[in-house]
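# Chain and residue survey
Listed below are the residues making up each chain.
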Amino acid sequence: MQPFTFQQKVFLALLGIITIAFIWILIPYGGAVFWGVVLAIIFAPVYRWLLQRTRNKPNLAALLTLLLILVMVILPLTLIAVSIVNQAAAVVEMMQSGQITVGMFFAKVMAVLPDWMINLLDRFHLTSLTNLQDKLTEGAAQVSQEVAKRAINFSLYTMDFLTSLCIAMYLLYFLLRDGDKLAKRIREAVPLSRKYKQRLFQNFTTVIRATVKGNILVAIAQGALGGLAFWYLDVSAPVLWGVLMAFLSLLPAIGAALVWAPVAIYFLATGSVWEGVGLTVYGVVVIGLVDNILRPLLVGKDTKMPDYVVLLSTVGGMALFGLNGFVIGPVVAALFIAAWDLFANASEFHQE
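Residues numbered from 1 in each chain as written. Predicted model: local features only at pLDDT ≥ 70, side-chain atom pairs only at ≥ 80, totals over all residues. Heavy atoms only, no water.

### Details of the overall build of the chain
For clarity, the cut-off: To qualify as a helix, a DSSP run of H or I must reach at least 4 residues; to qualify as a strand, a run of E must reach at least 2; elements of each kind are numbered from the N terminus. The cut-offs for exposure are 20% and 50% of the maximum accessible area for each residue type, with area from a 1.4 Å probe on protein chains only; residues under the lower value are buried, those over the upper are exposed, and the others partly exposed. Every accessible area reported is derived by Shrake-Rupley at a probe size of 1.4 Å, with residue values counting cover from the shown protein chains alone.
Within the chain, the regular secondary structure consists of 14 helices and zero strands. Ordered by position from N to C terminus, the α and β elements of the chain give α-α-α-α-α-α-α-α-α-α-α-α-α-α. Looking at the chain residue by residue over its 352 residues, the buried ones come to 28%. Of the roughly 23000 Å² of accessible surface on the chain, a fraction of 70% belongs to carbon and sulfur atoms.

### Notes on the packing of aromatic side chains
Note the threshold: Only the six-membered ring of Trp is used, alongside the rings of Phe and Tyr, when aromatic pairs are assigned; centres must lie within 6.5 Å, and planes under 30 degrees apart are stacked while those over 60 apart are edge-to-face, with the rest tilted.
A full pass over the atoms with the stated rule returns four aromatic pairs. For the ring pair tyrosine 173 and phenylalanine 174, a centre distance of 5.1 Å and an interplane angle of 85 degrees mean the geometry is edge-to-face. With a relative accessible area of 29%, phenylalanine 174 lands in the partly exposed category. Aromatic rings pair up to connect Tyr170, Tyr173 and Phe174 into one cluster.

### Examining helix H13 (residues 307-321)
Counted only if it meets this: To estimate how far a helix should reach, multiply one less than its number of residues by 1.5 Å.
In this model, H13 (15 residues) spans 21 Å end to end at C-alpha, consistent with the 21 Å of a helix rising 1.5 Å per residue. Phi for glycine 322, located one or two positions after H13, is positive at around 70 degrees.

### Re the confidence of the model for the chain
Interpreting fine coordinate detail is not advised for predicted regions of low pLDDT. The cut-off we apply is this: A residue's pLDDT is the confidence the predictor assigns to it, expressed on a 0 to 100 scale.
On average, residues of the chain carry a pLDDT of 75, and 72% of them reach 70 or more. No element of the chain has a lower mean pLDDT than helix H7 (residues 129-152), which averages 54, and none a higher one than helix H3 (residues 44-53), which averages 89.

### Brief notes about the packing of helix H9 (residues 194-232) against helix H10 (residues 238-248)
Cut-off, in case you're wondering: Every axis in this analysis is a line fitted to C-alpha atoms, fitted for helices over the stretch in contact. Angles between the N-to-C directions lie between 0 and 180 degrees. Here roughly perpendicular refers to angles of 65 to 115 degrees, roughly parallel to angles under 35, roughly antiparallel to angles over 145, and oblique to all remaining angles. For any helix crossing, the convention is left-handed if the near helix is rotated counterclockwise from the far helix by under a right angle, and right-handed if that rotation is clockwise. Contacts are residue-level and defined by heavy atoms, with any inter-residue pair within 4.5 Å sufficient.
The N-to-C vectors of H9 and H10 enclose an angle of 150 degrees; their axes lie 7 Å apart at closest approach. Here H9 lies roughly antiparallel to H10, going by the angle between them. For the pair H9 and H10, the sense of crossing is right-handed. Every residue of H10 that contacts H9 at Ala219, Gly223, Gly226, Gly227, Phe230 and Trp231 is listed here: Pro238, Trp241, Gly242, Met245 and Ala246.

### A look at the pattern of salt bridges
Note the cut-off: Any carboxyl oxygen of Asp or Glu that lies within 4 Å of a side-chain nitrogen of Lys or Arg is treated as forming a salt bridge with it.
For the coordinates displayed, the defined rule picks out two salt bridges. Salt-bridge contacts for aspartate 180 lead to arginine 48; the nearest nitrogen and oxygen are separated by 3.3 Å. Here arginine 48 lies in helix H3 and aspartate 180 lies in helix H8 (residues 154-189), a separation of 132 residues in the sequence.

### A few points about the side chain of serine 313
Along the chain, serine 313 turns up in helix H13. Taking the relative accessible area as the measure of exposure, serine 313 reaches 12% and is therefore buried. Apart from residues lying up to four places away in sequence, serine 313 is in contact with Gly325, Gly329, Pro330 and Ala333.

### Examining unusual backbone geometry
With phi around 60 degrees, arginine 55 is a residue other than glycine that occupies positive phi space. Counting through the fold element by element, arginine 55 comes out in the loop between H3 and helix H4 (58-97). A positive phi angle, near 60 degrees, is found at aspartate 234, a position not held by glycine. Judged by relative accessible area, which is 70%, aspartate 234 ranks as exposed.

### Details of the nonpolar core
As a reminder of what qualifies: Residues belong to a common nonpolar core when they are buried Ala, Val, Leu, Ile, Met, Phe, Trp, Tyr or Cys residues joined through side-chain atoms within 4.5 Å.
Membership of the largest hydrophobic core comes to 35 residues, with the highest contact counts inside it found for Leu172, Ile208 and Val327. Every element with two or more residues in this core is listed here: helix H2 (30-42), H3, H4, H8, H9, H13 and helix H14 (325-345). Contact partners of leucine 172, with chain neighbours within four places excluded, come to Gly36, Leu39, Ala40, Leu66 and Ile69.

### Notes on the side chain of threonine 65
On the secondary structure map, threonine 65 appears in helix H4. A relative accessible area of 0% places threonine 65 in the buried class. Leave out the neighbours within four places in its chain, and threonine 65 touches Phe43, Val46, Tyr47, Leu50 and Leu176.

### Describing a nonpolar patch on the surface
Inclusion rule: Patch membership requires over 30% relative accessible area and the absence of a salt bridge. Like charges are linked within 9 Å, and nonpolar side chains (Val, Leu, Ile, Met, Phe, Trp, Tyr) within 5 Å.
Together, Phe22, Ile23, Trp24, Ile25, Leu26 and Ile27 give the surface a local cluster of nonpolar side chains, amounting to about 700 Å² of exposed area. Positionally, leucine 26 belongs in helix H1 (residues 6-26).

### Some details on the environment of alanine 221
By secondary structure assignment, the location of alanine 221 is in helix H9. Distance from alanine 221 to valine 290, taken between C-alpha atoms, is 7.2 Å for residues 69 residues apart in sequence.

Pasting the structure below:
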């Protein structure tokens, strides 16, 4: 391999600086760009199908795909968000009117707790209602301050969200229409041999589709099943808790249980034995079965990654990148496995 000339080194340095500067410019709306790319990869087959039905009219096919995404994704999320706000407001109103009080729940739970648990709580000074209310009041004050700050900047957050949504939809339109050409140019620009590029790009798109579709389907199923159980048991705000279970189900194996398990414990602690046992069995068998069956089939099977790698990469990705991490983590893990597999089987790297 010939060494780079001085002009080539200067050009490569300039190329790196310009690339970093461009990424820096995109950082404020990186989430919008990221989800625009993700949705374009997921709905690319739909776009190609519509392209055939519209007799190869790319603008019309991209527009129809965009409208389909708005109807299937954006509109349902908006309706769910409105329902969550209404139910959260109803819960706050019940607390303010005295229908729900901390003292009532505290007294019921403390009356049925075993001695060893009461002793454990006593070490943290949580067996006294006064101490507990003081701690809750202190926490509520901090939460109220944070909510007040966000409420003051509500219009700013709303504007940022709408701007990000418009950017994502605008970018998505062009990615759908010109995505194949753009992907081809990127593959040609990457300085790797064809077999390496094909394997890595294939893993990239496969993992994104499997992760997003698999995790979202599991989240919808677990959230719907959990919300239905809460509605049947007459738990306040079932839609709110169902959405929370759906969100937490992005954490494999343990997510939804963080919501239904405390409710089941409360039922048992307050004497509602049948409700507590029923919710526990339902949560372990029905809600847990969805996670144990669907997630490996929809995520692990397509990504060809072990379940523990999917779990660790998802949790680690969300810890680093927030909600976007449930896609970024498995993608990085899949590319890591693919790259090392290529390296291990490439003869040019193991010449003696």
